[in-house]
Amino acid sequence: MVEMLLDLIQGADVEWKNITEVFKMRNGYTPSKNKPEFWDENSATIPWFRMEDIRANGHILSDSIQHITEKAVKGNLFKANSIIIATSATIGEHALITVDFMCNQRFTCFTISDEYEDKLLPKFAYHYFFFIDKFVQQTQKQSSMPAADMEVLKKLEIPLPSLEIQQKCVKILDKMTDYVTELTAELTLRQKQYSFYRDKLLTFPGGQSDSDESLAVRWTTLGEVATILAGGDLPEKYNKGQKEPSEEFPYPIYSNGTGNQSLYGFANSYRIDDEAVTISARGTLGWHTIRSAKFTPIVRLLTLIPDKEIISTKFLNYILTQAELGGVQTGIPSLTKPMVEKVKIAIPPLNLQSKIVEILDKFQALTEDVSGLLPEEIALRQKQYAYYREQLLTFTANSGKASH
């Protein structure tokens, strides 16, 4: 069917129209945070979209995470089946919104003009806007705050094949994206199941100042059960391009809490000799992982070396998922050694820690085994979708069209 449609497209009569003719363009905005009546939860019913909505819920949206009241609306709402595209900050992300709505100032809203409502399907426009995303990224203005070059964008032309061709393209591409959505939902479900059981096993009776005598669980601070080291600057002598350890550069340098791969090469001095847990302490706060080899941390890390007679390294890493680490959120978000030292955690006996770790390790292994296949399948299907989108929506060349 795809091959037949491709043959049909090759000989199709396709109109090219300026984007400002086909769409009405308006910028979004953020209502004043100083006016509670704009954000009153009891009357805030109007969807107000931000980049967080796309990141959390995908590119076709029927509701938003945050809402505003009617008092916060300037002029008319954006019409359902409009497309929003990020034209500042994060450039070139778009979504099709299926309800009447508002959005913040990072987006420009594209609403199909009355004249073209019976000539352009919203879902066809949605699929084609992936090319617009790429065009906006390639032509953005270079400054302290990335921004789309709107004058260039307004000169863009887009294709208008017949509604029959649009419908057939949409049917094929929707089928592909629906399958990706199903796979993503399955992956999310399995991750939620693991998180549910992890939280159950790591939630203990009593509060942060109480003890549970039946389980011999006590609450204490991280500073009492682990040696906490603030990460130092990069050693003076290191080779950023050094990919493998050597006698000269034997210690991997870690810069954050995600994964176990050295990001900065290897150093020849300043190492942590003990098995430890590192926590990211600047920028994105709280990412933590076990470091099982000798290594060198940098300033973005806090290193926790557990007292093995009180708490195991694995249990410490697991219990940190329940800890309220806090941190300073103004400026560059940061987490300091004194803050972490005061964080309260529950400490069961070592034999109970071992049982909990054993169960969670098995759950995690099962989740990773299954989810390891799902992300691979999702990535494969996304590539397939991108390939056929490229094939199906590439029409006769035109000087003003988006570059595919």
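Our subject is the structure listed above.
Cut-offs used in this document
Residues numbered from 1 in each chain as written. Predicted model: local features only at pLDDT ≥ 70, side-chain atom pairs only at ≥ 80, totals over all residues. Heavy atoms only, no water. Helix = DSSP H or I, 4+ residues; strand = E, 2+ residues; numbered from the N terminus. Contact = heavy atoms within 4.5 Å. Areas by Shrake-Rupley, 256 points an atom, 1.4 Å probe, with all protein chains shown as cover. Pairing = 2+ DSSP bridges. Axes fitted to C-alpha atoms, helices over the stretch in contact; angles between N-to-C directions. Core = buried A, V, L, I, M, F, W, Y, C linked by side-chain atoms within 4.5 Å. Buried < 20%, exposed > 50% of the residue type's maximum accessible area, 1.4 Å probe, protein only. Phe/Tyr/Trp six-rings, centres within 6.5 Å; stacked < 30°, edge-to-face > 60°. Lys NZ or Arg CZ within 6 Å of the ring centre and 35° of its normal.

(A) Fine view of the overall build of the protein chain. A tally of regular secondary structure across the protein chain gives ten helices and 20 strands. Sequence-distant contacts in the protein chain: of pairs separated by 6 or more residues, those separated by 24 or more amount to 71%. Here the protein chain displays about 21500 Å² of accessible surface, and carbon together with sulfur accounts for 49% of that area.

(B) Structural detail: the sheet that holds strand 12 (residues 226-230). The antiparallel open sheet is built from four strands, whose spatial order is 12-19-16-17. Each end of this open sheet is capped by a strand with a single partner; those strands are strand 12 and strand 17 (288-291). Across the sheet, the axes of successive neighbouring strands diverge by a mean angle of 25°, strand direction being ignored. Where strand 16 (residues 276-280) lies against strand 19 (residues 301-306), four bridges are found, and the strand directions are antiparallel. Residue pairing for strand 19: isoleucine 279 is matched across the bridge by leucine 302.

(C) Region of interest: the nonpolar core. Core analysis: the largest hydrophobic core is formed by 40 residues, its most contacted members being Phe23, Ile132 and Leu393. Elements that contribute at least two residues to this core include exactly helix 2 (19-22), strand 6 (82-86), strand 9 (107-112), helix 4 (122-138), strand 10 (157-160), helix 6 (163-201) and helix 10 (350-392). By residue number, the principal contributor to this core is helix 4, which donates ten residues. In terms of nonpolar packing, the next biggest core, distinct from the first, is built from 31 residues, Val217, Ala281, Ile311 and Ile347 among them.

(D) Structural view of the environment of isoleucine 60. For isoleucine 60, the location among the structural elements is in strand 4 (residues 60-61). Sequence spacing of isoleucine 60 and isoleucine 97 is 37 residues, and the spatial spacing of their C-alpha atoms is 6.1 Å. Each residue touching isoleucine 60, except ones within four places of it in the same chain, is listed here: Leu96, Thr98, Lys123 and Tyr126.

(E) Local environment of the sheet that holds strand 6. Spatially, the five strands line up as an open sheet ordered 2-9-6-7-4, and their pairing is mixed. At either margin of the open sheet sits one strand with a lone partner, and together these are strand 2 (23-27) and strand 4. Note: strand 4 against strand 7 (residues 94-97), two bridges, orientation parallel. Along strand 7, the bridge assignment pairs leucine 61 with isoleucine 97. Where helix 4 meets the sheet, its contacts fall on strand 2, strand 4, strand 6, strand 7 and strand 9, and the angle it forms with strand 6 comes to roughly 15°.

(F) Here's a closer look at the packing of aromatic side chains. By the definition in use, this model includes twelve aromatic pairs. Taking the centre distance of 5.1 Å and the plane angle of 80° together, the rings of tryptophan 39 and tryptophan 48 count as edge-to-face. The burial state of tryptophan 39 is the same as that of tryptophan 48; both residues are buried. When the centroid spacing of 5.2 Å and the interplanar angle of 70° are considered together, the rings of phenylalanine 110 and phenylalanine 129 count as edge-to-face. Placement of the pair is phenylalanine 110 in strand 9 and phenylalanine 129 in helix 4, with a sequence separation of 19 residues. The rings of Phe23, Phe110 and Phe129 are connected pair by pair, giving a single aromatic cluster. In this structure, lysine 33 is placed above the aromatic ring of tryptophan 39, and the distance from its NZ or CZ to the ring centre is 3.7 Å.

(G) Local environment of unusual backbone geometry. A positive phi is found at asparagine 81, a non-glycine position, where the angle reads about 70°. Residue position: asparagine 81 is located in the loop between strand 5 (66-68) and strand 6.

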